[in-house]
Amino acid sequence: QVQLVESGGGLVQPGGSLRLSCAASGSIFSFALMGWYRQAPGKEREFIATISSTGSTNYADSVKGRFTISRDGAKNTLYLQMNSLKPEDTAVYYCKNFNYPDYWGQGTQVTVSS
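Residues numbered from 1 in each chain as written. Predicted model: local features only at pLDDT ≥ 70, side-chain atom pairs only at ≥ 80, totals over all residues. Heavy atoms only, no water.

### Digging into the side chain of Glu6
Relative to the elements of secondary structure, Glu6 occurs in strand E1 (residues 4–7). The buried charged residue Glu6 lacks any salt bridge, with Arg45 as its nearest oppositely charged partner at 8.4 Å. A distance of 3.0 Å separates a polar atom in the side chain of Glu6 from the backbone nitrogen of Cys95. Among the polar contacts listed, one links the side chain of Glu6 to the backbone nitrogen of Gly107, at a separation of 3.0 Å. With sequence-adjacent residues up to four places away left out, Glu6 is seen in contact with Ser21, Cys22, Trp36, Tyr93, Tyr94, Cys95, Gly105, Gln106, Gly107 and Thr108. (Helix = DSSP H or I, 4+ residues; strand = E, 2+ residues; numbered from the N terminus. Buried < 20%, exposed > 50% of the residue type's maximum accessible area, 1.4 Å probe, protein only. Lys, Arg positive; Asp, Glu negative; His and termini not counted. Salt bridge = Lys/Arg side-chain N within 4 Å of Asp/Glu carboxyl O. Polar contact = N/O pair within 3.5 Å; in protein donor to acceptor, adjacent residues only side chain to side chain. Contact = heavy atoms within 4.5 Å.)

What follows is the structure in structure tokens.
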């Protein structure tokens, strides 16, 4: 059974930073394409970033230069470092194992507000 548990969200002021973590189950983590998505109120789920098994990364234009995706294979953990946060970054953030396209965890809430 696949399991993805996101954590690290919270309330932060505009311009602040947060680091999200995703604990992933299974040895397949080491070989899988992983990513982050987010969903804001009233909007569809939005692609943020991916990282391949070899460490190659891709980012959505909305977060490029501000967010950094990384992975720690030894810990089976995916990370998203978020800097220069904006109110429009407010959303529930989800990690993704692309070997399980229909699976979503609970996500972690990020709120950017004064």
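### Quick notes on the pairing of strand E7 (residues 67–72)
Across six bridges, the pairing between E7 and strand E8 (residues 77–82) is antiparallel. Considered in E8, the bridge of Asp72 is made with Thr77. Here E7 folds back onto E8 in antiparallel fashion, the turn holding four residues, of which Asn76 has a positive phi close to 50°. (Pairing = 2+ DSSP bridges.)

### Here we look at the pattern of salt bridges
Within the structure shown, the criterion is met by three salt bridges. Ionic pairing is found between Asp89 and Arg38, a salt bridge with its closest N-O pair at 2.8 Å. Of this pair, Asp89 sits in the loop between E8 and strand E9 (91–97) while Arg38 sits in strand E4 (residues 34–39), and the two are 51 residues apart along the sequence. Exposure class is identical for Asp89 and Arg38. Each is buried. With a shortest N-O distance of 2.7 Å, Arg66 and Asp89 are connected by a salt bridge. Note that Arg66 is positioned in the loop between strand E6 (57–59) and E7 and Asp89 in the loop between E8 and E9, a separation of 23 residues in sequence. Since its relative accessible area comes to 1%, Asp89 is described here as buried.

### Observations concerning the sheet that holds E4
Pairing within the open sheet is mixed, and its six strands lie in the order E2-E10-E9-E4-E5-E6. The sheet is open, and its two edges are formed by strand E2 (10–12) and E6, each paired on a single side. On average, each strand axis in the sheet is inclined to that of its neighbour by 25°, with strand direction left out of account. As paired elements, E9 and strand E10 (residues 108–112) share three bridges and run antiparallel to each other. Considered in E10, the bridge of Val92 is made with Gln109. (Axes fitted to C-alpha atoms, helices over the stretch in contact; angles between N-to-C directions.)

### Considerations on the pairing of strand E3 (residues 18–24)
Regular strands place their side chains on alternate faces of the sheet. Here E3 shows a clear split, with Leu18, Leu20, Cys22 and Ala24 buried on one side and none of Arg19, Ser21 and Ala23 buried on the other. Across six bridges, the pairing between E3 and E8 is antiparallel. Bridge assignment links Leu20 to a residue of E8, and that residue is Leu80.

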